[in-house]
Amino acid sequence: MITYWEAGSDDSSSNTVQVKYADDSDIKQYNHTSCVYEDMTYISPYFHHVRLDDLKPDTEYVYRCTLYYKTVVYGDVDFMVEELLSWQEDATSISRLLGVPLGSRITESEELSFETALIPGDGTKSLKFALIADYGQTEASLSTRDLLLDEDVDMILIAGDLAYANTVNELWDEWFELNEELFSKVPTMPAPGNHEVEVDNVTSQIFVPYENRFGAPQVKDAEIGYGDESTGSHPSSFIGVYDYGNAFYTFSSGLGTFIVLNCYTSSEVGSNQYNFLIETLEGIERDVTPWVLVMLHCPLYNTFFAHQNETQTVRMKENFEKIFVEYNVNIVFSGHTHGYLRSKPVAFDEVFECGDAPLYIGIGDGGQRGDEIEFFLNRTPEDWVECRDGSNWSFGTLEIFNSTTAEWTRRLSGVNKWEDYNVGDTW
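Residues numbered from 1 in each chain as written. Predicted model: local features only at pLDDT ≥ 70, side-chain atom pairs only at ≥ 80, totals over all residues. Heavy atoms only, no water.

(A) Spatial organisation of the sheet that holds strand β16 (residues 249-253). Taken in spatial order, the 7 strands line up as β16-β17-β18-β19-β23-β20-β24 in an open sheet, and their pairing is mixed. In this open sheet, the two edge strands, each paired with only one partner strand, are β16 and β24 (385-389). Adjacent strand axes in the sheet meet at a mean angle of 15° when their direction is disregarded. Relative to strand β18 (residues 291-295), strand β17 (residues 256-260) is paired through 5 bridges, and the arrangement is parallel. Across the sheet, the residue bridging to V260 is M295, located in β18. Lying on the sheet, helix α6 (residues 272-282) is in contact with β16, β17 and β18; it crosses β17 at an angle near 175°. (Pairing = 2+ DSSP bridges. Helix = DSSP H or I, 4+ residues; strand = E, 2+ residues; numbered from the N terminus. Axes fitted to C-alpha atoms, helices over the stretch in contact; angles between N-to-C directions. Contact = heavy atoms within 4.5 Å.)

Now the structure itself:
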């Protein structure tokens, strides 16, 4: 893949600048055997992750993706083989190397664009991002997608359970195709959920499709462990080994620092993820990024009947909640339960009316839930619940205006038949 980055100058009459990126691209490919259909072995296409350095912050870039194919001729049969070529002239050297006739064919995308993030500490304009979880590829998912396309946001965060492929990897391909228009223009940052575990039926490795398909700002290369026959494609209660890579990472933009965590690896004191969290929080300069926002899949505060007291969630709350309080984390976003929750400021199950505790927002109704209600655990809301709803589909946006002011809005992307329960929300 050759990516063209076009940037116009101040002089509208000057020529467009074209920059080619390809040589340093990270090409990934994986094989995966389904544990749902045990004889189904999937061979993925090549995924080209191209790191772009020295881009200006808060700038629109126009780009085009170009893929060159080499045609290798054996007798009367032409074999089309996808190949990453930095320059078209490389086709000649490949032809000489193989000793066979070689042609080339170009597949080119339409002209696309995206905007780079604000430089950390830039408070001259607001930072607005969207938050979804348990997204899937249902009719409700498409409704969420279409509304997101109309939102003017700087980025999208997905708190786990993305494609619901469940080891049927063709569903990953379909999910990216459904979201191509959205993902091609808005930077999107994911967290792993239980539907990304996807144990391979042959190798027993976990999280392989998720790790290969995304390119988060990694601390270091991923360390991936194994499941077993009992793990399945999407275990609800599970702790394995998946550290670094796309499992947990951090980035900053404008007045916010974002920390993405993995509920399905160890959170114990001294673990890789525990040390990463402490080191990240200790390194944040709150006068630069006063807002600290955490995203993970499993809700540490859960008002719904589903997913109560799961092992990984209990351990993470035990190990991380005191850290969130100590380092003044502002908001913790999650999914997993297919409903909506916004808490009051809460720590150790006690409400802090003065606000000196994190808010917990669960927005796991991005589209995957069926036509049923996500039932509450208790008819009467817990003391720490500010707003809850289990009957709709939705996503949320958070806009940070300055060091002390932000606005959260829940957008309904589909309304279920139980009209008495339809709840939007603004904070």
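From this point on, the discussion continues.
(B) Seen up close, the environment of S236. Its place among the elements puts S236 in the loop between β14 (223-224) and β15 (242-243). Along the primary structure S236 and H307 are separated by 71 residues, whereas in three dimensions their C-alpha atoms are 7.5 Å apart. Among all residues touching S236, those that are not within four sequence positions of it are N194, Y264, H307, E310, Q312 and H336. Here H307 takes part through its side chain, which lies 2.9 Å from a polar atom of the side chain of S236. Separated by 2.4 Å, the side chains of S236 and E310 make a polar contact. (Polar contact = N/O pair within 3.5 Å; in protein donor to acceptor, adjacent residues only side chain to side chain.)

(C) Highlighting the pairing of β17. Summarising burial for β17: 5 of the 5 residues are buried, a large majority. Along β17, one buried face is formed by G256, F258 and V260 and the opposite face, lined by T257 and I259, is buried too. Where β16 and β17 come together, 5 bridges link them in antiparallel fashion. Along β17, the bridge assignment pairs T250 with I259. Remark: the β17/α6/β18 crossover connection has right-handed handedness. (Buried < 20%, exposed > 50% of the residue type's maximum accessible area, 1.4 Å probe, protein only. Right-handed = clockwise from strand over helix to strand, strands pointing away.)

(D) Fine view of the pattern of salt bridges. All told, the structure shown has 13 salt bridges when counted by the stated rule. Of the charged contacts, one joins R315 and E268 as a salt bridge, the two residues approaching to 2.8 Å between their closest N and O atoms. Residue R315 is located in helix α7 (residues 311-326), and its partner E268 is located in the loop between β17 and α6; the two are separated by 47 residues in the primary sequence. Residue classification places E268 among the partly exposed residues on the basis of a relative accessible area of 30%. Put simply, D389 and R410 hold a salt bridge, and the shortest N to O gap is 2.9 Å. Pair noted here: D389 is in strand β24 and R410 is in strand β26 (residues 406-414), with a separation of 21 residues, a long-range link. (Salt bridge = Lys/Arg side-chain N within 4 Å of Asp/Glu carboxyl O.)

(E) Seen up close, empty space enclosed by the protein. Under the defined criterion, the tally for this structure stands at 2 cavities of 30 Å³ or more. Its boundaries defined by the atoms lining it, the largest cavity holds a volume of some 70 Å³. Along its surface, the largest cavity is lined by 13 residues, and P299, Y301, S334, L341 and G362 are the ones closest to its centre. Breaking the lining of the largest cavity down by element, the ones donating at least two residues are β20 (340-343) and β23 (359-363). Take the lining of the largest cavity: its biggest share by element is 3 residues, from β23. Tallied by class, residues from the lining of the largest cavity come to 8 nonpolar, 5 polar and no charged. (1 Å grid on protein atoms, 1.4 Å probe; cavity = no way out; pocket = protein on both sides within 12 Å on 5 of 7 lines; lining within 4 Å. Points joined across faces, edges and corners; volume = space filled by probe spheres on them. Nonpolar A, V, L, I, M, F, W, Y, C, P; charged D, E, K, R; others polar.)

(F) View of the nonpolar core. Core analysis: the largest hydrophobic core is formed by 56 residues, its most contacted members being I259, L261, L281 and F324. Every element with two or more residues in this core is listed here: β11 (127-132), β12 (155-158), α3 (170-178), α6, β18 and α7. The contact partners of L281, leaving out residues within four places of it in the chain, are I259, V292, I323, Y327 and V329. By size, the runner-up hydrophobic cluster in this structure holds 30 residues, among which are A159, Y249, M295 and A406. (Core = buried A, V, L, I, M, F, W, Y, C linked by side-chain atoms within 4.5 Å.)

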